[in-house]
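Geometric and topological summary
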Amino acid sequence: MTLTQKVAVVTGSTSGIGLGIARALAGAGADVVLNGFGDAAAIEELRAGLAAEFGVRVGYHGADLSKPAEIAALIGHAEETFGSVDVLVNNAGIQHVAPVEDFPADRWDAVIALNLSAVFHGTHHALPGMKRRGWGRILNIASVHGHVASVNKSAYVAAKHGVVGLTKTVALETASTGVTCNAICPGWVLTPLVQKQIDAIASTKNIPEPQAKAELLGAKQPSGAFVTPDELGGLAVFLCSDSAAQMTGASLLMDGGWTAQ
């Protein structure tokens, strides 16, 4: 399975799920454009390290995905620098937890902007080039929360349900073009975002971190284990392969049995 001569843009890829997917795509031979926040020197070290490890071209663009104009600039940069955007992984996301009646309006707007609207804007700008070339892969990192809800996560759940719906619409609109659009829906993945929730449980209940992790997993994920970024990267590479050419509009769960209960 090879993605040689393909160019992938992965949003939110300086850590966590996005980095795992970026590594997997680079490992399959794709040139990669990273995106995300962080220390400039650390990001440059990461970029150069991926390029050296996998022998591919690796770029970086620091677009703030809450701003549509910067998303357009990200896609434009990738096309101008690398010649195309063949794979778009819409991964960047944030979280805020509060009951609906206490949910700050500005945090609702921020979560929707990054977790849902950015998926639209990235797709909007990348899709014309994919259709011209007759090949493209759009992978939207949704969540198990694109299928089920949890309390105190109204904005996140609404956004991820929206991502699943948007995925289906794009899939139908591109069904005869050589472009596919699919959603990957992880359960608990041990990312910095989830680590904050573990820390909050440990602090609130005054329990050790391992116990907090077990409580988090035990409540929802029957496997009792976190999904890994490497596992998600493997699925992403498969969805980009010729073997998945007729898979489009799918919402693929990797949730340790969460939704099977």
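Predicted model, so just to flag it, every value in this text is computed and none were measured. Residue numbers run consecutively from 1 along every chain, following the written order of its sequence. Only residues with pLDDT of at least 70 are given local features in this predicted model, and only at 80 or more are side-chain atom pairs given and counted; all residues enter the totals for whole chains, interfaces and linings. Side-chain measures were taken over the full set of non-hydrogen atoms in the model, leaving aside hydrogen atoms and water.

As a further point, take the pattern of salt bridges. Any Lys or Arg side-chain nitrogen located within 4 Å of an Asp or Glu carboxyl oxygen qualifies as a salt bridge. On inspection of all chains with the given rule, the structure shows 7 salt bridges. Measuring nitrogen to oxygen at the nearest pair gives 2.9 Å for the salt bridge that ties Asp 31 to Arg 57. Of this pair, Asp 31 sits in strand S2 (residues 31-35) while Arg 57 sits in the loop between helix H2 (40-54) and strand S3 (58-61), placing them 26 residues apart in sequence. Taking the relative accessible area as the measure of exposure, Arg 57 reaches 40% and is therefore partly exposed. Going along the chain from the N terminus, every DSSP run of H or I of four or more residues is numbered as a helix, and every run of E of two or more is numbered as a strand. Here's how the labels work: a residue is buried when its accessible area is under 20% of the maximum for its type, exposed when over 50%, partly exposed in between, all with a 1.4 Å probe on protein chains only.

A few words on the sheet that holds strand S5 (residues 136-141). Two strands form a pair only when DSSP identifies at least two bridges running between them. Sheet architecture is open: 7 strands sit in the order S3-S2-S1-S4-S5-S6-S7, paired in parallel fashion. Of all strands in the sheet, those bounded by a partner on one side alone are S3 and strand S7 (251-254). This sheet shows a mean twist of 20° between the axes of neighbouring strands, independent of strand direction. In this sheet, S7 lies alongside strand S6 (residues 179-186) in parallel orientation, the contact comprising 4 bridges. Residue pairing across strands places Pro 186 opposite Met 254, the latter belonging to S7. Against the sheet, helix H5 (residues 154-173) touches S5, S6 and S7, its axis set at about 160° to S6. It only takes one pair of heavy atoms within 4.5 Å for two residues to be counted as in contact. Between N-to-C directions, angles cover 0 to 180 degrees, with each direction set by a line fitted to C-alpha atoms, over the stretch in contact for helices. The strands touched by helix H8 (residues 229-240) are strand S4 (87-90), S5, S6 and S7; relative to S6, the strand with the most contacts, the crossing angle is about 165°.

To estimate how far a helix should reach, multiply one less than its number of residues by 1.5 Å. For H2, built from 15 residues, the straight-helix expectation of 21 Å at 1.5 Å per residue is met to within 8% by its first-to-last C-alpha distance of 21 Å. In this structure, the buried residues of H2 make contact with helix H1 (16-27), S2 and S3. Regarding H2, its N-cap is Asp 39, as a side-chain oxygen of that residue lies 3.2 Å from the backbone nitrogen of Ala 41 further along. Between N or O atoms, a polar contact is any pair within 3.5 Å; within protein, one atom must be a potential hydrogen donor and the other a potential acceptor, and residues adjacent in sequence are included only when both atoms are from side chains.

This paragraph deals with the nonpolar core. In terms of nonpolar packing, the biggest core is built from 33 residues, with Ile 21, Leu 25, Val 32, Val 87, Val 89 and Ile 184 touching the most fellow members. If you list the elements that add at least two residues to this core, you get strand S1 (7-10), H1, S2, H2, S4, S5 and H8. No other element matches H1, which puts 7 residues into this core. For Val 87, the residues in contact, after removing those within four places along its chain, are Val 7, Ala 8, Val 9, Leu 25, Met 130, Trp 135, Arg 137 and Cys 240. Ranked by size, the runner-up nonpolar core spans 23 residues in total, among them Ile 71, Leu 74, Leu 114 and Met 130. Think of a nonpolar core as a cluster: buried Ala, Val, Leu, Ile, Met, Phe, Trp, Tyr and Cys residues, connected wherever their side-chain atoms sit within 4.5 Å.

Sulfur atoms of two cysteines make up a disulfide when they are within 2.5 Å. All told, the structure shown has 0 disulfides when counted by the stated rule. Cys 185 forms no disulfide, and the closest cysteine sulfur to it belongs to Cys 181, at a distance of 11 Å. A residue is classified by how much of its surface remains accessible, and Cys 185, at 0% relative accessible area, is buried. Free of any disulfide, Cys 240 has its nearest neighbouring cysteine sulfur in Cys 181, separated by 12 Å. Taking the relative accessible area as the measure of exposure, Cys 240 reaches 1% and is therefore buried.

Turning next to the domain arrangement of the chain. When cut into domains, the chain gives domain 1 (7-188 + 227-254) and domain 2 (190-225). Domain start and stop points were drawn from an automatic or database domain assignment. Each of domain 1 and domain 2 has a C-alpha centre, and the two are 25 Å apart. Taken together, the 10 residues of domain 1 in the interface contact 11 residues of domain 2. When the area that domain 1 buries against domain 2 is broken down by residue, the three leading residues are Gln 95, Trp 188 and Val 227, summing to 63%. Summed over both partners, buried area is the accessible surface (1.4 Å probe) that two parts give up on being assembled.

Next up on the list: the pairing of S6. Counted residue by residue, S6 has 8 buried out of 8 residues, so it is predominantly covered. Here S6 shows no split at all, with Val 179, Cys 181, Ala 183 and Cys 185 on one side and Thr 180, Asn 182, Ile 184 and Pro 186 on the other all buried. Judged from the 6 bridges that link them, S5 and S6 form a sheet pairing that is parallel. When the sheet's bridge partners are listed, Ile 138 is paired in S6 with Cys 181. Handedness of a crossover is defined as follows: orient the strands so they point away from the viewer, and if the path from the first strand over the helix to the second runs clockwise, the crossover is right-handed. In terms of handedness, the path from S5 via H5 over to S6 forms a crossover that is right-handed.

The interhelical angle for the contact between helix H6 (residues 192-205) and helix H7 (residues 209-220), taken along N-to-C directions, is 115°, at an axis separation of 9 Å. Viewed along their axes, H6 and H7 adopt a mutual orientation that is roughly perpendicular. Once H6 is placed against H7, the crossing between them reads as right-handed. The segment H6 lies against H7, with Val 194, Gln 195, Ile 198, Asp 199, Ile 201, Ala 202 and Lys 205 engaging Glu 209, Ala 212, Lys 213, Glu 215 and Leu 216. In the scheme used here, Gly and all other residues not listed as nonpolar or charged are polar, with Ala, Val, Leu, Ile, Met, Phe, Trp, Tyr, Cys and Pro taken as nonpolar and Asp, Glu, Lys and Arg as charged. Broken down by class, the residue content of the contact of H6 with H7 amounts to 6 nonpolar, 1 polar and 5 charged. For classification purposes, an angle smaller than 35 degrees is called roughly parallel, one larger than 145 roughly antiparallel, one from 65 to 115 roughly perpendicular, and anything else oblique. Definitions for this section: a left-handed crossing has its near helix turned counterclockwise from the far helix by less than a right angle. A right-handed crossing has that turn clockwise.

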